[in-house]
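# Structural overview for review
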There are 2 protein chains.
Amino acid sequence: MKIIVDAFGGDNAPSEIIKGCQQAVEEYDVDIILTGNRELIEKSAEENSVSLDRMSIVHTEGVITPDDESTYILKEKRDSSMGKGLELLKSGEGDAFVSAGNSGALLVGSSMIVKRIKGVKRAAFAPVMPKRNGCFMLADGGANVDVRADMLCQFGIMGSIYMEKVMGIKNPRVGLANVGTEEHKGGVLQNDAYRLLSGTNLNFVGNIEGRDVPGDACDVLVADGFSGNLILKTYEGAAIEIMARIKAIFGKNIKNKIAAAMIMGDLKGLAKEMDYHEYGGAPIIGISRPVFKAHGSSKARTMKNAIKLTKQFTQANVINEIEKNISIYKTENI
Amino acid sequence: MKIIVDAFGGDNAPSEIIKGCQQAVEEYDVDIILTGNRELIEKSAEENSVSLDRMSIVHTEGVITPDDESTYILKEKRDSSMGKGLELLKSGEGDAFVSAGNSGALLVGSSMIVKRIKGVKRAAFAPVMPKRNGCFMLADGGANVDVRADMLCQFGIMGSIYMEKVMGIKNPRVGLANVGTEEHKGGVLQNDAYRLLSGTNLNFVGNIEGRDVPGDACDVLVADGFSGNLILKTYEGAAIEIMARIKAIFGKNIKNKIAAAMIMGDLKGLAKEMDYHEYGGAPIIGISRPVFKAHGSSKARTMKNAIKLTKQFTQANVINEIEKNISIYKTENI
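Because the structure is predicted, anything quoted here is derived from the model rather than measured.

Calculation criteria
All chains use their own residue numbering, which begins from 1 and follows the written sequence. Just so you know, chain letters begin at A and ligand numbers begin at 1, following the order they were written in. Under the rules for a predicted model, residues below a pLDDT of 70 receive no local features and side-chain atom pairs below 80 are neither given nor counted, while totals for whole chains, interfaces and linings still include all residues. The basis for the side-chain values is all heavy atoms of the structure; hydrogens and waters are excluded. At least two bridges found by DSSP between two strands is the condition for calling them paired. The way it works is that DSSP assigns letters per residue, a run of H or I at least four long becomes a helix, a run of E at least two long becomes a strand, and they are numbered from the N terminus. Throughout, a contact is declared for two residues whenever any of their heavy atoms are within 4.5 Å. Here, axes are lines fitted to C-alpha atoms. For helices the fit covers the stretch in contact, and angles between N-to-C directions go from 0 to 180 degrees. Accessible area that two parts lose when put together, evaluated with a 1.4 Å probe and summed over both, is termed the buried area. Should a side-chain nitrogen of Lys or Arg be within 4 Å of a carboxyl oxygen of Asp or Glu, the pair is scored as a salt bridge. Polar contacts here mean pairs of N or O atoms no more than 3.5 Å apart (in protein, one a potential hydrogen donor and the other a potential acceptor; neighbouring residues in sequence count only if both atoms are side-chain atoms). Aromatic pairing here means that ring centres of Phe, Tyr or Trp (its six-membered ring) are within 6.5 Å. Orientation follows from the plane angle: under 30 degrees is stacked, over 60 is edge-to-face, and everything else is tilted. Only protein chains enter the calculation, and the probe is 1.4 Å; a residue is then buried if its accessible area is under 20% of its type maximum, exposed if over 50%, and partly exposed in between. Any angle that falls under 35 degrees is termed roughly parallel, while one over 145 is termed roughly antiparallel, one within 65 to 115 roughly perpendicular, and all others oblique. Two helices cross in a left-handed way if the nearer one is turned anticlockwise from the farther one by less than a right angle. They cross in a right-handed way if the turn is clockwise. Think of it like this: strands point away, you trace from the first strand over the helix to the second, and a clockwise trace means the crossover is right-handed. Copy-to-copy superposition: least squares on the C-alpha atoms, limited to residues that have pLDDT of at least 70 in both copies. Side-chain atoms within 4.5 Å are what join buried Ala, Val, Leu, Ile, Met, Phe, Trp, Tyr and Cys residues into a set we call a nonpolar core.

Glancing now at the sheet that holds strand β12 (residues 291–294) of chain B. All names here are of chain B. Here seven strands make up an open sheet; going across it, the order is β3-β2-β1-β4-β12-β11-β5 and the pairing mixed. The strands lining the two open edges of the sheet, one partner per strand, are β3 (55–59) and β5 (124–125). Looking at chain direction, β5 and strand β11 (residues 281–285) are connected through two bridges and run antiparallel. Looking at β11, one finds that F125 is bridged to I284. Packed onto the sheet, helix α5 (residues 149–165) meets β5 and β11 and runs at close to 120° relative to β11.

Written out as structure tokens, the structure reads:
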């Protein structure tokens, strides 16, 4: 499998990106196409003693910055490391694309250059996140601030297929993020989406309140991109803050340090479970070829995990399944 | 000070409510008017050895249930423990009202029976929540699913006054919940609210991402009620889940139990800081007299804390300040 990687996406590019690629090549038996400035990539590889074995470079000068308008990728910055990567994906020179760069640009570029799956109205940024006893997918985690109910319903369908095919969860429970569990809760958007989701063959478990998200309420949480992004980041922020405060307690004095040493193994396990870097980022679901958004703050380990998940995403044949099912599902009201 | 308390609001009414009232009478020097079925209140007091000293009862039969439509409080259930409490507040027989009952009904009842402050377009459910180095107010935490930008701006003004007057924070930092920090992020609602908030005399610090909410990003977080509720509850849920998992680690084996004993004091401090029961609930800001929503799952301690906060809310003269400032603030664009 050949995975295209944006060598200039994210806060720690290119050094951490190429380090992660090296690790992925070694651990997951993949070939890599790096997009970006060849000279800088080779220089960084040399400085960091990274072997570029099984990696090729497709040279391009430009870089999309976090502050760039999303649409720059279609014109002004079409020739950037991200734009070039998407072109290569479209033309079939690689099997999947990973970038830690500007999310908005990646979404626009994926939808407009690589194109959506036939029948899919909007692609979603769909991170897989930790919960009690495993993980769940949030769809949408921030791609679409304004959505219609039929789009939310499709997010549920696509998320369900991903969680079943990639994560191996049978008959995934699909829930709708809402301000209460009762059917009538929320606004018109939620009420319509509730009705549409109820009409599908999905295992729809109804409305899910924020409080139940980190527990084990559902395997796919459907939300508009605005509130979905706030759920995603508040959850991450709370986990980071609490773990930091526990760490501070453990370092406070000798007695606490001894206690910490005694339970270090178990605590590290919890920290790992709650660490979003383990999950590497988010697939963009609804695009006709696999595109994966790695965390903007990706370090080598996050990048390696992102490539692992992208490989699974590609192998599981999620996209064909979505194409087959997006119209078969009983969504006559859409 | 005389505080009216809905003796039949919440999951643990009336026993935990009246226990909390007794504790509040003893600790905070307040008188209480309980609304609800006199016989049941007196029976519960006897069974739980609760002294009703400094508490009077205003008898009424009905109770608003969590499943009741919010508007029942205006007609069908006007004579419920919550409806009666709001009537007593309106007529001046008590200084403030506390209920752990149906939030929607409390909001509708407060707005329609007690009435909003002149000039306030919508009242907000505004919980004070823990963050690094203290607490912040979330306005709105779930009262208004559909809002306009001018309402969001008013939430910022009211929240700022509350945090200054009640919580003693000078020149509170007001932030807008959004999917990115840049000015143009979010939808039309957020863009308009950003512009309006920038035009006030508030200490507006711009957009706040979910990830920064549990840190120390702002003292007042402005949000529409839908995403605000998801922020509130996801934060609570994450804290509950992580603390539960840490507790499980500490109980896992003898070695861990010993380690736990060594740092128990510090950990309890953290648990207390993160425990929403400490904060007791949320003031409903924008109403012409103090109304406080206690957590639906309130036990005696939560109720006691709710009454303490309600006393502070009432003494700080927040309502006069809001009335004076809601129109003086430079919000010519509203």
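There is more to say, and it comes next.
Contacts between the two partners involve 52 residues from chain A, matched on the other side by 52 residues from chain B. For the pair chain A and chain B, the two sides together bury roughly 4,800 Å², of which 65% comes from carbon and sulfur. Counting the contacts that link chain A with chain B gives nine salt bridges. For A:E209, the salt bridge is made with B:K233, and the minimal N-O distance between the two is 2.3 Å. For the interface between chain A and chain B, the tally reads 15 residue pairs in polar contact (both at pLDDT 80 or more).

Another aspect to go through is the packing of aromatic side chains. All names here are of chain A. Taken as a whole, this structure holds four aromatic pairs over all chains when the rule is applied. With centroids separated by 5.3 Å and ring planes inclined at 65°, the aromatic side chains of Y162 and F313 adopt a geometry described as edge-to-face. Note that Y162 is positioned in helix α5 (residues 149–165) and F313 in helix α9 (residues 300–315), a separation of 151 residues in sequence. The exposure class of Y162 is buried, given its relative accessible area of 1%. Classification of F313 by relative accessible area gives buried; the value is 2%.

Residue and element names in this part refer to chain A. Spatially, the five strands line up as an open sheet ordered β6-β7-β10-β8-β9, and their pairing is mixed. Two strands close off the open sheet at either side, each with one partner strand: β6 (128–131) and β9 (203–208). Between one strand axis and the next, the sheet turns by 30° as a mean value, whatever way the strands run. One ladder, built from four bridges, connects β6 with strand β7 (residues 134–139); its direction is antiparallel. Counted as the bridge partner of M129 is F136 from β7. Lying on the sheet, α5 is in contact with β6, β7, β8 (173–177) and β10 (220–222); it crosses β10 at an angle near 165°. The strands that helix α7 (residues 225–250) touches are β6, β7, β8 and β10; relative to β6, the one it contacts most, it runs at about 50°.

On to unusual backbone geometry. Peptide bonds are mostly trans, and most non-glycine residues show a negative phi. Cis geometry marks the peptide bond from A:A13 to A:P14, where omega comes out at -5°. Tracing the sequence through the fold places A:P14 in the loop between β1 (2–6) and α1 (15–28). Omega for the peptide link from B:A139 to B:D140 comes to 20°, which places this bond in the cis form. By secondary structure assignment, the location of B:D140 is in the loop between β7 (134–139) and α5. Residue A:N317 is not a glycine yet carries a positive backbone phi of 60°.

Looking now at the packing of α7(A) against helix α8 (residues 254–274) of chain A. Residues and elements named next belong to chain A. Where α7 meets α8, the closest approach of the two axes is 10 Å, and the angle between their N-to-C directions is 165°. Accordingly, the angle class assigned to the pair α7 and α8 is roughly antiparallel. When the axes of α7 and α8 are compared, the crossing they make is left-handed. Between α7, through Y235, A239, M243, I249 and F250, and α8, the contact on the second element is made entirely by N256, K257, A259, A260, I263, L267, L270, A271 and M274.

Looking at where B:G104 falls in the secondary structure, it is placed in helix α4 (residues 103–115). Through-space distance from the C-alpha of B:G104 to that of B:I73 is 9.6 Å; in sequence the pair is 31 residues apart.

Residues and elements named next belong to chain B. Here strand β8 (residues 173–177) runs beside strand β9 (residues 203–208); their pairing, made up of five bridges, is parallel. Across the sheet, residue R173 finds its bridge partner in β9, namely N203. Tracing the backbone out of β8, into helix α6 (residues 188–198) and back to the parallel element β9 gives a crossover that is right-handed.

Attention shifts here to the pattern of salt bridges. Within this structure, the stated rule accounts for 41 salt bridges over all chains. For A:K121, the salt bridge is made with A:D150, and the minimal N-O distance between the two is 3.7 Å. Highlighted residues: A:K121 in the loop between α4 (103–115) and β5 (124–125) and A:D150 in helix α5, separated in sequence by 29 residues. A residue is classified by how much of its surface remains accessible, and A:K121, at 31% relative accessible area, is partly exposed. Its relative accessible area of 10% is what places A:D150 among the buried residues. Its salt-bridge partner being B:E241, residue A:R132 comes within 2.8 Å of it at the nearest N-O pair. Of the two residues, A:R132 is situated in the loop between β6 and β7 and B:E241 in helix α7 (residues 225–250); the pairing between them involves two chains. With relative accessibility at 39%, the residue A:R132 sits in the partly exposed group.

Another point: the relation of the copies chain A and chain B. Superposition of chain A onto chain B requires a rotation of 180° combined with a translation of 0.0 Å along the rotation axis, giving an RMSD of 0.0 Å. Both chain copies can therefore be described as sitting about a two-fold axis. A shared binding surface is used by both copies, with 100% of the interface residues of chain A retained as interface residues in chain B.

Counting 60 residues, the largest nonpolar core has A:L221, A:F250, B:L221 and B:F250 as its most contacted members. Elements represented by at least two residues in this core include exactly β7, α7 and α8 of chain A together with β7, α7 and α8 (254–274) of chain B. Setting aside residues up to four positions removed in sequence, B:L221 forms contacts with B:F136, B:M137, B:L138, B:A139, B:G175, B:L176, B:A177, B:I208, B:V213 and B:I231. Grouped together as the second largest cluster of nonpolar side chains are 39 residues, A:A139, A:M163, A:F204 and A:Y279 included.

All names here are of chain B. Of note, I17 is situated in helix α1 (residues 15–28). Counting along the chain gives ten residues from I17 to A7, while the straight-line C-alpha distance between them is 6.0 Å. Dropping the residues within four chain positions of it, I17 is found in contact with V5, D6, A7, G9, N12, A100 and M303.

Another aspect to go through is the pairing of β8(A). Regular strands show a simple pattern: their side chains alternate between the two faces of the sheet. Residue and element names in this part refer to chain A. Taken across its five residues, β8 has four buried, putting it largely inside the fold. Sheet analysis places β8 next to β10, joined by three bridges and oriented parallel. When the bridges of β10 are listed, L176 appears paired with V222.

All quantities given are derived from atomic positions and should not be read as evidence of function.
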